[in-house]
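These are the residues of each chain, in order.
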Amino acid sequence: MTREESSGVRDIAVVAFAQTDVLRTTDDVSEVEMLMPVLHSVLDRTGLKTADIGFTCSGSSDYLAGRAFSFTLALDGVGAWPPVSESHVEMDGAWALYEAWTKLLTGDADTALVYSYGKSSPGSLRDVLTRQLDPYYVAPLWPDSVALAALQAQALIDAGATDENALAAIGARSRQDATANSHAQSRGPVPQGDYVVRPLRTGDCPPIGDAAAAVILAAGERARQLCERPAWIRGIDHRIEAHALGVRDLTDSPSARLAAEKAGAFERPVDTAELHAPFSAQEVVLRTALKLGDDVRVNPSGGALAANPMMAAGLIRIGEAAARIHRGESDRALAHATSGPCLQQNLVAVLEGEPR
Amino acid sequence: MSKEPVAVVGIGQTKHVAARRDVSIAGLVREAALSALTDAELTWADIDAVVIGKAPDFFEGVMMPELYLADALGAVGKPMLRVHTAGSVGGSTALVAANLVAARVHGTVLTLAFEKQSESNAMWGLSLPIPFQQPLLAGAGGFFAPHVRAYMRRSGAPDTVGSLVAYKDRRNALKNPYAHLHEHDITLEKVQASPMLWDPIRYSETCPSSDGACAMILTDRAGAARAPRPPAWMLGGAMRSEPTLFAGKDAVSPQAGKDCAADVYRQAGVTDPRRDIDAVEMYVPFSWYEPMWLENLGFADEGEGWKLTEAGVTELDGDLPVNMSGGVLSTNPIGASGMIRFAEAALQVRGQAGEHQVERAGKVLGHAYGGGSQFFAMWLVGARPPQS
């Protein structure tokens, strides 16, 4: 939903972003230890302290940590004393940012700290993700995330929307772009490799990694005080589709298209798009659904094919898009996050910098 | 700046039981959602967004179950948010949904919370075998019992108070058709004679494990004007959190709980909660938490909460009824328990609580807490819309 459509009163911006390096294993640090430097970094960028923050919201998943209530200890890292106004979504941090955005819209807070983190390394991610499928009819068969993405890729190839060479080029471009991103996990020339699940090869699949990310939001004048060129959220919306793959057209993403429309993405062209497309074929789906022309710079950070930390990758897309606006490298950017098998749930945010 | 007033126009609950083997998780949540839609005389098409909450995914063994539940809750093509704030989640979920309406992002929102504990093993789900971190030992009771002891020592409360709460709540539950425990032969002596589980908490002073779901339809002023039955109006709502464990923490009366209540009272213009608030649906999973929270929420001075309980003030026909529905002590689908408190508060001000209705319930507080007494969510609802 666009800001103009909703309250029409408050401008809200991303004013700071920080992330860890994305690493295959982080055995030497706990989740809290992984998160702490990011929280300090994002606060330092604005000069704010925990006590100055009006609302805090985080995203994570117990299933990655392998234990219930894993987020409760992460809150200790925030330093929630005196007590803070705080909430948590069991979703990617992009949705935590959405909750924080609505909180700022109500006027109850002027600033928000949003963070998310995920450590995939303690378990086997492909196995773990099968546990988010329909628990009675599908999960007992353990179809893994790569196999499901391969169904989607094959459907696209069968529909004539892409081919294996085009998919390989997406992976190669992403990792080439990631050479400029010191936080990315897979950078530079990476061999396309053997089939993991046909038609997807190693190069079509995201690396499995651990990371944390944090963003600070601020409303109106507060944003201008905290950031030289705030990345104003002109609209943000998210939509979900049916869970069962059999009732979805895997070559399309109606939920991404609707979220983009509601976020106002189609009102004016964007110059940059940070897409959360963990598998190469998903970029093909999203480029069409989001009506991105060839002149749009897609995933200058390298995107999810270069680094895909669960629960943080979506928030990182928003952070990367905002950071480009902060640096003056973009004037209007689209940021996208996804969740669930084969792009089931999608969030789109439109960010703008003030004219220079 | 102005916020849109938020009204509760539909409430639905399942009959809470130990195991709903006749329905899937999807069937369970759909039952509560349909019941709320029926109450509001709305259809799925009237719902703009869905906000769902539950306590840890490990309780059913499904990771991020909202993905699988999107179809069952009519969310396809709509926004769907999933909240998780431990035991307070049912309350937090309602507040996140309310914010969508208050911010004028959506007009009408379905919010729902559930737990189907029979799908898995909650004791296992609560066991955290992490090195160098404090284990919760034998479930939540083992964690909270020392805090109850600390309260008794600090307040000088006689050790009979806990059983009074349990006896009251279990009798109240007999008047609530949705309550899990219907102990028709309950007596105070039976509560007092029940086995000691975590000293001083007895078996009958402990919440059950339930399967159940609770749903509410929240809407804006225009939606409330179309509602077929009287709406409950949100007069104030807040969340507060503090760290799990630290040297300065008061586990008996956490600062986050006090701050949360103060924020709600400020929003609602409540200056004297004991006088201004007519009844409370309070998160009391172990009986002693009634007197403890009476103090934490400002209904009694420090050390005085147990006196209200002992004097019968919190009885259904008392001056400040607490847990008219039977409370968490009678019904505990963990993820839904907080939302049931919020929904029961709304039922009271709508005058629709049936046999457990309190007369002249103009303003009722719904309260939830979670984690190591660190997450708090509360709302105050009233029969009349907010004045501003």
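The structure under discussion appears in the preceding block.
Treat the numbers as computed from the prediction; the structure is a model and nothing was measured.

Visitor: Which parts of the structure should I look at to understand the packing of aromatic side chains?
Guide: Each aromatic ring pair is summarised here by two numbers: the centre-to-centre distance and the angle between the ring planes. Within this structure, the stated rule accounts for 18 aromatic pairs over all chains. A centroid spacing of 4.7 Å and a plane angle of 55° characterise the contact between Trp 81 of chain A and Phe 246 of chain B, whose relative ring orientation is tilted. Of this pair, Trp 81 of chain A sits in the loop between helix 3 (70-78) and strand 3 (86-89) while Phe 246 of chain B sits in the loop between strand 8 (232-241) and helix 9 (255-268), placing the two residues on different chains. The partly exposed category is assigned to Trp 81 of chain A, whose relative accessible area is 40%. Using a relative accessible area of 27% as the deciding quantity, one classes Phe 246 of chain B as partly exposed. One aromatic cluster is present, built from ring pairs that chain together Phe 143, Phe 144, Trp 198, Tyr 283, Phe 286, Tyr 289, Trp 293, Tyr 369 and Phe 376 of chain B. Taking the ring centre of Tyr 195 of chain A as reference, the NZ or CZ of Arg 201 of chain A above it sits at 4.1 Å. Lys 54 of chain B extends its terminal NZ or CZ atom over the ring of Phe 114 of chain B, reaching a point 5.4 Å from the ring centre.

Visitor: Just checking my understanding: could you explain the side chain of Arg 20 of chain B for this structure?
Guide: Topologically, Arg 20 of chain B is positioned in the loop between strand 1 (7-13) and helix 1 (25-40). In this structure the side chain of Arg 20 of chain B is engaged in a polar contact, spanning 2.7 Å, whose partner is the side chain of Asp 22 of chain B.

Visitor: Hey, could you run me through the environment of Gly 47 of chain A in this one?
Guide: Structurally, Gly 47 of chain A is set in the loop between helix 1 (31-46) and strand 2 (55-59). Residues Gly 47 of chain A and Leu 226 of chain A, 179 residues apart in the sequence, show an inter-C-alpha distance of 7.8 Å.

Visitor: Which parts of the structure should I look at to understand the nonpolar core?
Guide: Considering soluble globular proteins, one finds that nonpolar side chains tend to be buried as a cluster. With 218 residues, the main nonpolar core has Tyr 115 and Leu 217 of chain A together with Met 216, Leu 365 and Trp 379 of chain B as its most contacted residues. The element that contributes the greatest number of residues to this core is helix 14 (residues 334-350) of chain B, accounting for ten residues. For Met 216 of chain B, the contacting residues outside a window of four places in its chain are Val 8, Gly 10, Ile 11, Ala 36, Ala 94, Val 109, Leu 110, Thr 111, Met 339, Phe 342, Ala 343 and Trp 379 of chain B. Formed by 33 residues, the second largest nonpolar core is a distinct cluster that contains Ala 153, Ile 170, Ala 260 and Leu 334 of chain A.

Visitor: Sorry if this is basic, but what is going on with the environment of Val 358 of chain B here?
Guide: Residue and element names in this part refer to chain B. Tracing the chain through its elements places Val 358 in the loop between helix 14 and strand 10 (363-370). Considered as a pair, Val 358 and Met 324 are 34 residues apart in the sequence and their alpha carbons are 7.8 Å apart. Apart from the residues within four sequence positions on either side, Val 358 is in contact with Leu 316, Pro 321, Met 324 and Gln 348.

Visitor: Is there a simple way to think about the packing of helix 1 of chain A against helix 3 of chain A in this case?
Guide: The axes of two packed helices give the description: the angle between them and the distance between them. Residues and elements named next belong to chain A. The interhelical angle for the contact between helix 1 and helix 3, taken along N-to-C directions, is 35°, at an axis separation of 9 Å. Helix 3 is crossed by helix 1, and the crossing has right-handed handedness. From helix 1, Glu 31, Val 32, Leu 35, Met 36 and Leu 39 reach across to helix 3, where they touch Ser 70, Leu 73, Ala 74, Gly 77 and Val 78. Residues belonging to the contact of helix 1 with helix 3 are distributed by class as follows: seven nonpolar, two polar and one charged.

Visitor: Can you help me understand the pattern of salt bridges in this one?
Guide: When charged atoms on two side chains of opposite charge get close, those side chains can pair. What the rule picks out here adds up to 51 salt bridges over all chains. With a closest N to O distance of 3.2 Å, Arg 224 of chain A and Glu 221 of chain A form a salt bridge. With Arg 224 of chain A and Glu 221 of chain A both in helix 8 (residues 220-226) and three residues apart, the pair spans about one turn of that helix. In this structure, the salt-bridge partner of Arg 154 of chain B is Asp 250 of chain B, at a minimum N-O distance of 3.0 Å.

Visitor: Would you mind showing me how to read helix 1 of chain A here?
Guide: What sets the pattern is the α-helix's 3.6 residues per turn: residues three or four places apart point alike. Residue and element names in this part refer to chain A. With 16 residues, helix 1 should cover 22 Å at 1.5 Å per step; its first-to-last C-alpha distance of 24 Å lies within 8% of that length. Those residues of helix 1 lying buried are Glu 31, Met 34, Leu 35, Val 38, Leu 39, Val 42, Leu 43 and Thr 46. Across the axial projection of helix 1, the buried residues extend over an arc of 145°, all falling on one side. At the C-terminal side of helix 1, Gly 47 shows a positive phi close to 75°.

Analysis parameters
Residues numbered from 1 in each chain as written. Chains lettered and ligands numbered in written order. Predicted model: local features only at pLDDT ≥ 70, side-chain atom pairs only at ≥ 80, totals over all residues. Heavy atoms only, no water. Phe/Tyr/Trp six-rings, centres within 6.5 Å; stacked < 30°, edge-to-face > 60°. Helix = DSSP H or I, 4+ residues; strand = E, 2+ residues; numbered from the N terminus. Buried < 20%, exposed > 50% of the residue type's maximum accessible area, 1.4 Å probe, protein only. Lys NZ or Arg CZ within 6 Å of the ring centre and 35° of its normal. Polar contact = N/O pair within 3.5 Å; in protein donor to acceptor, adjacent residues only side chain to side chain. Core = buried A, V, L, I, M, F, W, Y, C linked by side-chain atoms within 4.5 Å. Contact = heavy atoms within 4.5 Å. Axes fitted to C-alpha atoms, helices over the stretch in contact; angles between N-to-C directions. Left-handed = near helix turned anticlockwise from the far one by under 90°. Nonpolar A, V, L, I, M, F, W, Y, C, P; charged D, E, K, R; others polar. Salt bridge = Lys/Arg side-chain N within 4 Å of Asp/Glu carboxyl O. Expected span 1.5 Å × (residues − 1). Arc of directions from axis to C-beta.

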